[in-house]
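# Residue-level structural notes
Below, each chain spelled out in residue letters.
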Amino acid sequence: YTWMQELQTKPVQPELALARARAADETKKMMRRLSKDNTKLYARHLGKISHSNPVVVFEGILSQIQSYDNLIEPVVEMMRCLSPLSFDVLSYCILYQLTQSKSLLKDDGLNVSQWMTSLSSFCGHLYKRWPVMEAGGLLQYVVQTLKQGKTVPLILLRDLVTKMAGIDAIEDLSDHQIAAQSGSATLRACATDVRGIARNTKKSSERLKAALVGHGLVVPLLILIAQRRSSCIFHVESTQLKLIGELFDRTHETLEQFATFVQNNIAPAEYAKIGRP
């Protein structure tokens, strides 16, 4: 990504500046007219304008998504005509947005910022919908932020597991749902999948597993999340007691969610080989 960052900082020729301005203007016009009913209409238009100026187009789209989360699903469906190169540039743009020096919390210091929650939800929908998107880079980002002592970016892993594997962390279980946890995997899934998110997740779950195993991130993530759960009450981004308790609960739920994903998708013999040097 270094060469792309250098390209953005170098002086731009007038012709290139004009092309960039036109692409940004076309993106704004498209996003103003986009809805759930006309995603097919704008799919080819997005593929056309993003082919020559993908960074400019995706920066504009991600900026809109961070402010208006109702655009997430239409934008994801609109990407049916993108090239593999455009999807690669989109991965770079997502990571670039995540690494900007923006506050992860709102001004009240208690809630996660809207830009972070919207971008995380967008990643979950995007990586589930399009197989060409490889989740290794985003998972690497989560690992690095955990090593730096940050807890809020765990929302990315939570949304990926929820959308791609259909495993949701439910806060309040009824008596019937608790009783169903003593049954088979099918019964447990039927009892807890109240929103129907586990439908059509077999292929996306396999892709998430392949990204985790291929980059050797299964065991590191389990260890880092467990360590962060123990240390987040002492080292946290805020001094608000309510937020500290919320972060501890969310970290514990994410650990259980990720452990459930590993248990359901990785056989014990395969897991035993993962931890070996």
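Located above this text is the structure these notes cover.
Structure report, in brief. (Residues numbered from 1 in each chain as written. Predicted model: local features only at pLDDT ≥ 70, side-chain atom pairs only at ≥ 80, totals over all residues. Heavy atoms only, no water.)

### What to know about the overall build of the protein chain
Of regular secondary structure, the protein chain possesses 15 helices and zero strands. A burial count over the protein chain gives 43% of its 277 residues as buried. Sequence separation of 24 or more characterises 74% of the internal contacts of the protein chain that already satisfy a separation of 6 or more. About 15300 Å² of surface is accessible on the protein chain, with carbon and sulfur atoms providing 53% of the total. (Helix = DSSP H or I, 4+ residues; strand = E, 2+ residues; numbered from the N terminus. Buried < 20%, exposed > 50% of the residue type's maximum accessible area, 1.4 Å probe, protein only. Contact = heavy atoms within 4.5 Å. Areas by Shrake-Rupley, 256 points an atom, 1.4 Å probe, with all protein chains shown as cover.)

### Digging into the packing of helix H3 (residues 39-52) against helix H4 (residues 54-67)
Between H3 and H4, the least distance of the axes is 5 Å, while the angle of their chain directions is 125°. Taken together, the axes of H3 and H4 lie oblique to each other. For the pair H3 and H4, the contacting residues are Leu46, Ile49, Ser50, His51 and Ser52 in the first and Pro54, Val57, Phe58 and Ile61 in the second. Broken down by class, the residue content of the contact of H3 with H4 amounts to six nonpolar, three polar and no charged. (Axes fitted to C-alpha atoms, helices over the stretch in contact; angles between N-to-C directions. Parallel < 35°, antiparallel > 145°, perpendicular 65-115°, else oblique. Nonpolar A, V, L, I, M, F, W, Y, C, P; charged D, E, K, R; others polar.)

### Focus: the nonpolar core
If you look at the biggest cluster of nonpolar residues, it comprises 73 residues, and the most contacted ones within it are Val75, Met79, Leu98, Phe122, Leu126 and Phe258. Contacts of Leu126, omitting those with residues within four sequence positions, involve Val76, Met79, Leu90, Ile94 and Met133. (Core = buried A, V, L, I, M, F, W, Y, C linked by side-chain atoms within 4.5 Å.)

### As for helix H8 (residues 136-147)
Three or four residues apart is the spacing at which side chains of an α-helix point the same way, because the helix has 3.6 residues per turn. Compared with the 16 Å implied by 1.5 Å per residue over twelve residues, the 17 Å span of H8 between its first and last C-alpha is a close match. Within the span of H8, buried status applies to Gly136, Leu138, Leu139, Tyr141, Val142, Val143, Thr145 and Leu146. Of the surrounding secondary structure, the elements contacted by the buried residues of H8 are helix H6 (84-98), helix H7 (114-129), helix H9 (154-165), helix H12 (202-214) and helix H13 (218-231). (Expected span 1.5 Å × (residues − 1).)

### So, the pattern of salt bridges
Summed over all chains, the structure comprises eight salt bridges. Arg80 serves as the salt-bridge partner of Glu77, at 3.5 Å between the closest nitrogen and oxygen. Between Glu246 and Arg250 there is a salt bridge, with its nearest N and O atoms 2.9 Å apart. Taken together, the residues span about one helical turn, with Glu246 and Arg250 both in helix H14 (residues 241-265) at a distance of four residues. When its relative accessible area of 29% is taken as the criterion, Arg250 is described as partly exposed. Ionic contacts of the salt-bridge type, sharing partners, join the residues Arg158, Glu246, Arg250 and Glu253 into one network. (Salt bridge = Lys/Arg side-chain N within 4 Å of Asp/Glu carboxyl O.)

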